[in-house]
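# What the coordinates show
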There are 2 protein chains.
Amino acid sequence: MSLRYAMLGLLSERPASGYDLMKRFETSLTNVWPATQSQVYGELGKLAKAGLLEVAAEGPRGRKEYAITEEGLAELRHWLTEAPRERMRRSEAMLRVFFLNILTPLEAVTYLSTEAERAAGRHAGLKELEAAVDWGDDPLSVNGRLALEYGLRFTAMYEEWARWAAEQVQEKSKRGNGTTGDAN
Amino acid sequence: MSLRYAMLGLLSERPASGYDLMKRFETSLTNVWPATQSQVYGELGKLAKAGLLEVAAEGPRGRKEYAITEEGLAELRHWLTEAPRERMRRSEAMLRVFFLNILTPLEAVTYLSTEAERAAGRHAGLKELEAAVDWGDDPLSVNGRLALEYGLRFTAMYEEWARWAAEQVQEKSKRGNGTTGDAN
DNA sequence: ACCTTACATTCCACTGTTGACATGTCGAGG
DNA sequence: CCTCGACATGTCAACAGTGGAATGTAAGGT
């Protein structure tokens, strides 16, 4: 259901064709809500039929430029303010953690260390992004910066957690291994 | 694709029927990989046909107890060690942040503060869980504790970020509002 | 004139997930 | 003996998301 709001949100800045929209998904929203072409065009049709968007202009190559309607803007505002936030449910990463015990301690530590490395890599990537983009005062920049900061904090947190977890596993394996005659 | 590994993982501890499995999903895995009954039974059939599981015993009421096979265990290990981790892509929360500018600064600050509250609430809930469960030395407890710590760190990070973001929005709105005659 | 690249839309097949519905059996307590 | 709750499996329709193929037009360079 979020795709429609992503589209309404992008169109609230300025009108665009499906093609334009795709590019904007690829640049600004890749990291928060990727979408494919089939999805975008399909949803564009539905939203127009529902009156949340309208065809503002037609151009060459059958280009249809869509603009958000008052109704669409109201819907978007409603989503931002009233709609129930759905909490993050699935995490493949944590699912793996749950079953780490079927690996040897060494393998588990390796896994967790790799995760830490990957997080560090992503963190560095975001840092680069921060340096590369010239952050203006336009709304997209302002909000993008907030989201970026979230990414930065998330990756830092994840890296620390993974290193901590690796340590835990290591210690546990030492304790369980060193004293062969430990009580039950 | 992760559902199958969640099931293999649960069955690697001990055999279970579809019904048993459902309960174990609801208890231990609700927060990392929820599953519905239709999914579980469907996947159970597929996994059995693929030779990753086998019907170890049959009981009353048509009960079929599934056990993981050597092949299934190998597949699970492979997933844990070799399989490419897919990184977190979608975040409804960050999508909302991207479009916060269509709200008034006050509304945006309210939204972010509410998010902070919610994160704090979930953090408290996890703390309670930590206190309530008697954490043994069994593998499920050990790994569960690692995942729980992740949840704790995540919710703490998110709360802090949301408070920080609210502050940013507030400051920006003051700067843009207070000095009516500010240059461009 | 020709060719390539960018623009632009539409359709389709497949997988994963949800939620509801259907169907039935066993065991325990009244 | 009977009924109710727990046990137990299965099917279906719908939707969201993925990836790719098909189709074609306009513009720019050589």
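First, a word on scope: everything that follows refers to the structure included in this document. All values reported here derive from a predicted model rather than from experimental measurement.

Rules of the game
- Residues numbered from 1 in each chain as written.
- Chains lettered and ligands numbered in written order.
- Predicted model: local features only at pLDDT ≥ 70, side-chain atom pairs only at ≥ 80, totals over all residues.
- Heavy atoms only, no water.
- Helix = DSSP H or I, 4+ residues; strand = E, 2+ residues; numbered from the N terminus.
- Rg over C-alpha atoms; globule rule 2.2 N^0.38 Å.
- Buried < 20%, exposed > 50% of the residue type's maximum accessible area, 1.4 Å probe, protein only.
- Salt bridge = Lys/Arg side-chain N within 4 Å of Asp/Glu carboxyl O.
- Near = heavy atom within 4 Å.
- Polar contact = N/O pair within 3.5 Å; in protein donor to acceptor, adjacent residues only side chain to side chain.
- Patch = residues over 30% accessible without salt bridge, like charges linked within 9 Å, V, L, I, M, F, W, Y side chains within 5 Å.
- Areas by Shrake-Rupley, 256 points an atom, 1.4 Å probe, with all protein chains shown as cover.
- Lys, Arg positive; Asp, Glu negative; His and termini not counted.
- Charge placed at Lys NZ, Arg CZ, Asp CG, Glu CD.

Moving on, we get to the overall build of chain A. Scanning chain A from N- to C-terminus turns up seven helices and two strands. Mapped in sequence order, the helices and strands of chain A form the string α-α-α-β-β-α-α-α-α. Relative to the globule expectation of 16 Å for 184 residues, the C-alpha radius of gyration of chain A, 23 Å, shows a markedly less compact shape. Dimensions of chain A, computed from the C-alpha atoms along their principal axes, are close to 80 × 35 × 35 Å. Considering chain A as a whole, with its 184 residues, one finds that 43% of them fall into the buried category.

Another aspect to go through is the pattern of salt bridges. Summed over all chains, the structure comprises 25 salt bridges over all chains. Its salt-bridge partner being Arg118 of chain A, residue Glu115 of chain A comes within 3.7 Å of it at the nearest N-O pair. Within this pair, Glu115 of chain A and its partner Arg118 of chain A are both found in helix α6 (residues 105–132), separated by three residues, close to a single helical turn. The partly exposed category is assigned to Arg118 of chain A, whose relative accessible area is 37%. Taking the shortest distance from any N to any O, the salt bridge between Arg85 of chain B and Glu115 of chain A comes out at 3.1 Å.

This brings us to the protein's contact with DNA strand C. The full set close to DNA strand C counts 21 residues, and Gln37, Tyr41 and Arg63 of chain A together with Met1 and Ser38 of chain B are the nearest of them. In DNA strand C, the atoms that sit within 4 Å of the protein are 62% sugar and phosphate, with bases accounting for the remainder. One nitrogen or oxygen atom from the side chain of Arg63 of chain A is found 2.6 Å from a phosphate oxygen belonging to DNA strand C. Residue Lys64 of chain A places a main-chain N or O atom 3.1 Å away from a phosphate oxygen belonging to DNA strand C.

Together, Arg87, Arg89 and Arg90 of chain A together with Arg122 of chain B make up a positively charged patch on the protein surface. As for its placement among the helices and strands, Arg87 of chain A is situated in the loop between α4 (70–81) and α5 (92–98).

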